[in-house]
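# Fold and geometry: a report
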Amino acid sequence: MTNPHPAPGPGAAAETPGSTTSDGPQVPGPRRSGEPRRPTLRSDLRASWPDGLAALVITAAVFVLLYIRIRNETSSTVTVMPFMADADAFWLYFLSQAFGWSALLWAWGTVILGLLLSGPRPSRLPLSGPRLERLHRTTSLNTIALIAAHALFFGAELVRFDTAAWNSAVATAFVEVFVPGGYDSGTGRIAIPVGQAALYLAIPLGLLFYVRHRIGPKTWRVLHRCVIVVYVLSVWHTLLYGTNVWYDGWFRTGVWLLQLPIAALLLLRLLRPARRSEKLSGSPGASAGARTGWALRLGGRLAVAAVLVALVAVVASGRDGGRSVPPGDTSSTHNHD
């Protein structure tokens, strides 16, 4: 989010205090006289309210869309779970879905910003490098908040329909929503732990930036690269469990389509690294360590290139792992929310 987020010119070997790096925002280092203070969690939380307000507006719009489609019975959710055709009864569930979709969108945005900051990017952008860095940090913080809201509203829905005493209902919902393996129904047995992993990785990976001067720049860079894992888990959770993308169709294919720019930017980042040590030289070197590093760098480039080709094939063919639309189902022919 979580994860999870201007590089020096090609061949740059050194990092100066307060400069940006190929792996994200500022590198820890002693602050010289006259230099701006390094960003803090408090300052970024204060700066995150415009981005957070935009996220809430988008969430509200998605909720209204989901609600209307449920009321009109044009949503594939009604096909998957016919008992949820009563939009008024299950509004908390649809609100949880709305937060889930906005969380995925914000996670997509923060990954795009991180890749733009850490690799080659267009010479003309509407925002300067420092403003892009701050937006990257605020979208990351808001992504964590949106994922948490998605989980909390899902838990509230479980409590609402639990007939046990309130304390027992809360405890059961907590286990099912936040404890891996606690949810044991259908596809959720896999999808829920995947979402939990995204949340539990997004929080530390998103907040480690603010203690990077304590853990060291090298450790922080290595951990920061794992932000992409949070995003992959979020997409996986959505495709597994999102009733809006349960069946084959343009909306599910659209989710795959959004992954193309991320894969392309990541491949470009690997092919044109800012650090000399990350370049793929013509020779792997004589030592075993040099050969291993060369093989890993080459393998990473080939893997991302293969993913990009696979994404193009999925989008072009429309065959993306979704279930077939049930024969005679009219709601699914309208495609999905």
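Every residue gets a number counted from 1 within its own chain, in the order that chain's sequence is written. In keeping with the model being predicted, local features are shown solely for residues with a pLDDT of at least 70 and side-chain atom pairs are shown and tallied solely at 80 or more, while totals for entire chains, interfaces and linings include all residues. Only hydrogens and water are removed before side-chain values are computed, so all heavy atoms of the structure are retained for them.

## Comments concerning the environment of Leu 41
Counting from the N terminus, the helices are the DSSP runs of H or I reaching at least four residues and the strands are the DSSP runs of E reaching at least two. With respect to the helices and strands, Leu 41 occurs in helix 1 (residues 41–47). Each C-alpha atom, one on Leu 41 and one on Phe 209, is 8.8 Å from the other, the two residues being 168 residues apart in sequence. Contacts are assigned to residue pairs with any non-hydrogen atoms lying within 4.5 Å of each other. In this structure Leu 41 touches Leu 141, Leu 207 and Tyr 210, once residues within four positions along its chain are discounted.

## Describing a nonpolar patch on the surface
Within the patch definition used here, like charges are joined within 9 Å and nonpolar side chains (Val, Leu, Ile, Met, Phe, Trp, Tyr) within 5 Å, considering only residues with over 30% relative accessible area and no salt bridge. The method behind every accessible area is Shrake-Rupley, applied with a 1.4 Å probe, and residues are considered shielded solely by the protein chains displayed. Every case where a carboxyl oxygen of Asp or Glu lies within 4 Å of a side-chain nitrogen of Lys or Arg is listed as a salt bridge. Together, Leu 41, Leu 45, Ile 203 and Leu 207 line one region of the surface with nonpolar side chains, adding up to about 300 Å² of accessible area. Since its relative accessible area comes to 32%, Leu 41 is described here as partly exposed. Using a 1.4 Å probe on the protein chains alone, a residue whose accessible area is under 20% of its type maximum counts as buried, one over 50% counts as exposed, and one in between counts as partly exposed.

## Topic: the packing of aromatic side chains
Geometry of an aromatic ring pair is reported as the spacing of the ring centres plus the angle between the planes. Between 30 and 60 degrees the pair is tilted, below 30 it is stacked and above 60 it is edge-to-face, where a pair is any two Phe, Tyr or Trp rings, Trp via its six-membered ring, whose centres lie within 6.5 Å. Overall, the coordinates contain 12 aromatic pairs when judged by the stated rule. Arranged with centres 6.0 Å apart and planes meeting at 40°, the rings of Phe 63 and Tyr 67 form a pair that is tilted. Within this pair, Phe 63 and its partner Tyr 67 are both found in helix 2 (residues 49–71), separated by four residues, close to a single helical turn. When the centroid spacing of 6.4 Å and the interplanar angle of 85° are considered together, the rings of Tyr 183 and Tyr 241 count as edge-to-face. Separated by 58 residues along the polypeptide, Tyr 183 in the loop between helix 6 (166–178) and helix 7 (188–207) and Tyr 241 in helix 10 (residues 227–241) bring together distant segments of the chain. Each member of the pair, Tyr 183 as well as Tyr 241, is classed as buried. Each residue in the set Tyr 93, Phe 94, Phe 154, Tyr 183 and Tyr 241 is aromatic and connected to the rest through ring pairs, giving one cluster. Charge-over-ring placement is defined geometrically: NZ (Lys) or CZ (Arg) within 6 Å of the ring centre, and within 35 degrees of the ring normal. The ring of Phe 209 carries the charged tip of Arg 212 above its face, separated from the ring centre by 4.0 Å.

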